[in-house]
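Residue strings, one per chain:
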Amino acid sequence: MFYKYKLELITIFFILGLTLIHYFDFLKLCPAIVFFIISLIFLLIANKSKKIIFLFLAFLFLASWRYALLYPQDLRGRIENYYGQDFKILGQVTSEPDTSNDKQKIKLKIFCGLVENNKYFKLQGQVLIITNKYPSYYYGDLLRIEGECSNPGFIDDFNYSLYLKRYGLTAVFYYPIIEETDLLLVDKKNYFKVFIYKLRNKLTDQFDYYLSINSSSFIKTMMLNDKSSLSSEIKTEFSKTGLSHIIAISGLHISLLSSLLLSFLILIGLKRKTAFYFILVFLFFYLFLVESPASAIRATLMSVLSISALTFGQLYDMSRILFLIGLLMLFINPLFLWADLGFVLSFLAVVAIIYIHPIISSFLIKIFSKNERKQSIINIISITIRSEER
């Protein structure tokens, strides 16, 4: 059993480790990486009956070490050390601002702080700027911000600090004074991101021009993950009817796009392996285009791994692929587990499809095996559900 479900156990133990350190702060103080190495050594030399104990300890300490990296103990030279203070910072906009009806949210990477006479001091971190809708700012803009640095804290019972930390943001400036500046002689734009944002803006403009307001907002949400113009009433209706997954970039969208593209490429005469490389490039390009939500990352990686296995004639186990992707994503960003509901629901849905759906499906088939019409309905539902697996 240990060897058969080794990957699944590793992922579960890593999640348990993240959960323990999330709720018990004293674990952040232990030299976790040292204990991880020690546990790994004992895991290699222990007998079979004790291996699972050292496996649990190894990934408990690995999770503790990874989680602790998110919360450095030394805050000198970091924006978190200036909560509640008024001062100036210089930085660059790291993504296209999120614009709503009356305000815009800007993610800013800090280059330095400013004191009197425009003297610089070293400062690190990323902050969220909440300001009026106009004037508009764009990715790559160099800005000078003057205002109070606020700890996001809690909004009612919602842990806003944890939510922003998932995006690397550790402070908020509410309606500060903003000036575009040329004090910074560096331009650290990523020109691939510039191209992506220009393409997004071009597509949204085309949708707005040719479609009605409601149709445009729906298409932009479903195809580009742009919910800025989707009304709260429409969101509520989708939620009430249980169809919210349609407007969330997930396995349904990714599998449909990859299947259509694969069929088209084979139809025009490309070999399956050549078509696979085109699909690989397209899926990762599309992932950047929709700004990489966790559910889309999961679906893209699962599609890439499953299509590559089929292309190169390899057997694959969808459950093992799922646990491997989950482990990698949580190692990259442990806060997916608490601050991204889409990530959790996406994985739970696929786990249910892999492990629970076959049981229910076989049970229903036995009951309706003599009724062809009901059997056909069950088959259609099964095909629809299996598409979510990717």
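As the structure is a prediction and not an experimental result, all values here were calculated from the model.

Is there a simple way to think about the overall build of the protein chain in this case?
What the protein chain contains, in helices and strands, is 14 helices and 10 strands. Here the protein chain holds 390 residues, and 42% of them are scored as buried. Intrachain contacts of the protein chain at a sequence separation of at least 6 include 69% that bridge at least 24 residues. For the protein chain, the exposed area adds up to about 22,300 Å²; of that, 64% sits on carbon and sulfur atoms.

How do you make sense of the packing of aromatic side chains when you look at a structure like this?
The description of an aromatic ring pair uses the distance of the two centres, along with the angle that the planes make with each other. Tallied over the full model, the rule gives 21 aromatic pairs. Seen from their ring centres, Phe158 and Tyr163 are 5.7 Å apart, and the 55° between their planes marks the pair as tilted. Between Phe192 and Phe285 the ring centres are 6.4 Å apart and the planes differ by 70°, which places this aromatic pair in the edge-to-face class. One end of the pair, Phe192, is in helix H5 (residues 191-210); the other, Phe285, is in helix H9 (residues 272-289), and 93 residues separate them in sequence. Residue Phe192 is classed as partly exposed on the basis of its relative accessible area of 38%.

I would appreciate a short explanation of the nonpolar core in the present structure.
A general feature of soluble globular proteins is that nonpolar side chains tend to end up buried together. Counting residues in each nonpolar core, the largest one holds 57 residues, and the members touching the most others are Phe14, Leu55, Phe59, Met302, Met329 and Phe343. Those residues within four positions of Phe59 in sequence are excluded, and the remaining contacts are Ile10, Phe13 and Phe14.

Can you walk me through the environment of Phe13 in this structure?
Its place among the elements puts Phe13 in helix H1 (residues 6-23). What makes Phe13 buried here is its relative accessible area of 10%. For the pair Phe13 and Ala63, spaced 50 residues apart in sequence, the C-alpha to C-alpha distance is 8.7 Å. Look past the residues within four positions of Phe13 in its chain and what remains in contact with it is Ile52, Leu55, Phe56, Phe59 and Leu60.

Explain the side chain of Thr204 to me, please; I cannot follow it from the model alone.
Tracing the sequence through the fold places Thr204 in helix H5. In contact with Thr204, other than residues within four places in its own chain, are Lys220, Leu224 and Asp226.

Just to check I follow, could you spell out the packing of H9 against helix H10 (residues 294-311) for this structure?
Two quantities define a packed helix pair, namely the angle between the axes and the distance from one axis to the other. With their axes 10 Å apart at the nearest point, H9 and H10 run at an angle of 175° to one another. It follows that H9 is roughly antiparallel to H10 by the angle criterion. Contacts from Arg272, Lys273, Phe276, Ile279, Leu280, Leu283, Phe284 and Leu287 in H9 reach Ala296, Ile297, Thr300, Leu301, Ser303, Val304, Ile307, Ser308 and Thr311 in H10. A breakdown of the residues in the contact of H9 with H10 according to their chemical character gives 11 nonpolar, four polar and two charged.

Criteria and cut-off values
Residues numbered from 1 in each chain as written. Predicted model: local features only at pLDDT ≥ 70, side-chain atom pairs only at ≥ 80, totals over all residues. Heavy atoms only, no water. Helix = DSSP H or I, 4+ residues; strand = E, 2+ residues; numbered from the N terminus. Buried < 20%, exposed > 50% of the residue type's maximum accessible area, 1.4 Å probe, protein only. Contact = heavy atoms within 4.5 Å. Areas by Shrake-Rupley, 256 points an atom, 1.4 Å probe, with all protein chains shown as cover. Phe/Tyr/Trp six-rings, centres within 6.5 Å; stacked < 30°, edge-to-face > 60°. Core = buried A, V, L, I, M, F, W, Y, C linked by side-chain atoms within 4.5 Å. Axes fitted to C-alpha atoms, helices over the stretch in contact; angles between N-to-C directions. Parallel < 35°, antiparallel > 145°, perpendicular 65-115°, else oblique. Nonpolar A, V, L, I, M, F, W, Y, C, P; charged D, E, K, R; others polar.

Remember, this is a structural readout, not a statement about activity or role.
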